[in-house]
Amino acid sequence: MTSKSSHEVRSSLIQEFGERDGFLVHVLTSRTAQLALEWRFFLYLFCGPVDRVRVLNDASPIVATTLSNTLWDNALTTIRRLTDNVESSSNRNVSLGHLELIAGELGRDGVAGRFESLQGTAKPIRKYVDKYIAHADYSASKGDGKISITRGETTHAIKEIVSYVSLFHEVVRDTTYCILPVTTAADEQQFLMRLYQGNLFDALEKDEHLASAKSGVYRKNFYDDLPEWIWDPEFRDDPF
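Read on for an overview of the structure. (Residues numbered from 1 in each chain as written. Predicted model: local features only at pLDDT ≥ 70, side-chain atom pairs only at ≥ 80, totals over all residues. Heavy atoms only, no water.)

## Structural notes on the overall build of the protein chain
Then, in step 1: Each helix and strand in the protein chain was counted, giving 10 helices and 2 strands.
Then, in step 2: Starting at the N terminus and walking to the C terminus, you meet the elements of the protein chain as α-α-α-α-β-β-α-α-α-α-α-α.
Then, in step 3: Rg of the C-alpha trace for the protein chain: 24 Å, well past the compact-globule value of 18 Å for 240 residues, more than 25% over.
Then, in step 4: In terms of overall dimensions, the protein chain has a C-alpha envelope of 85 × 55 × 35 Å along the principal axes.
Then, in step 5: Relative to its full complement of 240 residues, the protein chain shows a buried share of 31%.
Then, in step 6: Nonlocal contacts in the protein chain, meaning residues at least 24 apart in sequence, comprise 68% of its contacts between residues at least 6 apart.
Then, in step 7: Here the protein chain contributes 27 positive and 34 negative side-chain charges, whose respective centroids are spaced 4 Å apart. (Helix = DSSP H or I, 4+ residues; strand = E, 2+ residues; numbered from the N terminus. Rg over C-alpha atoms; globule rule 2.2 N^0.38 Å. Buried < 20%, exposed > 50% of the residue type's maximum accessible area, 1.4 Å probe, protein only. Contact = heavy atoms within 4.5 Å. Lys, Arg positive; Asp, Glu negative; His and termini not counted. Charge placed at Lys NZ, Arg CZ, Asp CG, Glu CD.)

As structure tokens, then:
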């Protein structure tokens, strides 16, 4: 089994579709793959067993909350961009609608009508992004006529996007394209395992240090052995 770099994939697609369309196929497929991967991170860390969230909160509640919000907001924004109209005013958008146009130009009608359906699925998300993320809508900020997006709606939209891009490669290129990247062991599960182990070790160190202090025995603090680049108290006050 061989794999290609992003540059090699882009070059082969440009050779297959030409400069303009090859670029579009590459960037739209790549952005869809990244969206699927990041949403997998979110679902694993925040939507599985509650113990996973507990591990993140034990490490840092503020970082855990920020990570959750950032992954979700980024997913919604990416869905919004990918489902833009191909053109808006005088702008040409890098939209998934181009894939349907490319398929049509090549005489492959298996994708026809799918982008309009995809925009329909994404409509609530597009509205939410416009009011709460892309713009700070005054009424929405006050809480008037509040709208919300569920995890299920987000997941459904992403699944539809992945299905749409996969269909394009199947119909147009006669290729079964793996949209969700195959990752190594150093993925979100490995990340959580390291946090879990660190939390356990930290708790054990604190217990042993406290027991030593109570017994009057001096015990070197584990944190004294950590590299200096970890700690930067002044950075907390002025990171800019």
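## What to know about the nonpolar core
Then, in step 1: If you look at the biggest cluster of nonpolar residues, it comprises 43 residues, and the most contacted ones within it are Ile79, Leu96, Leu99, Tyr164 and Phe168.
Then, in step 2: Listed by contribution, the elements that provide at least two residues to this core are α1 (6-17), α2 (19-46), α3 (50-59), α4 (61-82), α5 (97-105), α6 (114-132) and α8 (151-173).
Then, in step 3: With 11 residues, α2 is the largest single contributor of residues to this core. (Core = buried A, V, L, I, M, F, W, Y, C linked by side-chain atoms within 4.5 Å.)

## A closer look at a nonpolar patch on the surface
Then, in step 1: Taken together, the side chains of Trp229, Ile230 and Trp231 define a hydrophobic patch exposed on the protein surface, amounting to about 400 Å² of accessible area.
Then, in step 2: With respect to the helices and strands, tryptophan 229 occurs in the loop between α9 (188-214) and α10 (233-237). (Patch = residues over 30% accessible without salt bridge, like charges linked within 9 Å, V, L, I, M, F, W, Y side chains within 5 Å. Areas by Shrake-Rupley, 256 points an atom, 1.4 Å probe, with all protein chains shown as cover. Salt bridge = Lys/Arg side-chain N within 4 Å of Asp/Glu carboxyl O.)

## Some details on α1
Then, in step 1: Between the first and last C-alpha of α1 there are 16 Å, a value that for 12 residues agrees with the 16 Å anticipated at 1.5 Å per step.
Then, in step 2: Buried within α1 are the following residues: Val9, Leu13 and Phe17. Mapping the buried residues of α1 onto a view down its axis gives an arc of 50°, with all of them on the same face. Residues of α1 that are exposed and point more than 90 degrees away from the buried face comprise His7 and Gln15.
Then, in step 3: Elements in contact with the buried residues of α1: α2, α5 and α8.
Then, in step 4: Directly beyond the C-terminal end of α1, a positive phi value near 100° is found at glycine 18. (Expected span 1.5 Å × (residues − 1). Arc of directions from axis to C-beta.)

All quantities given are derived from atomic positions and should not be read as evidence of function.
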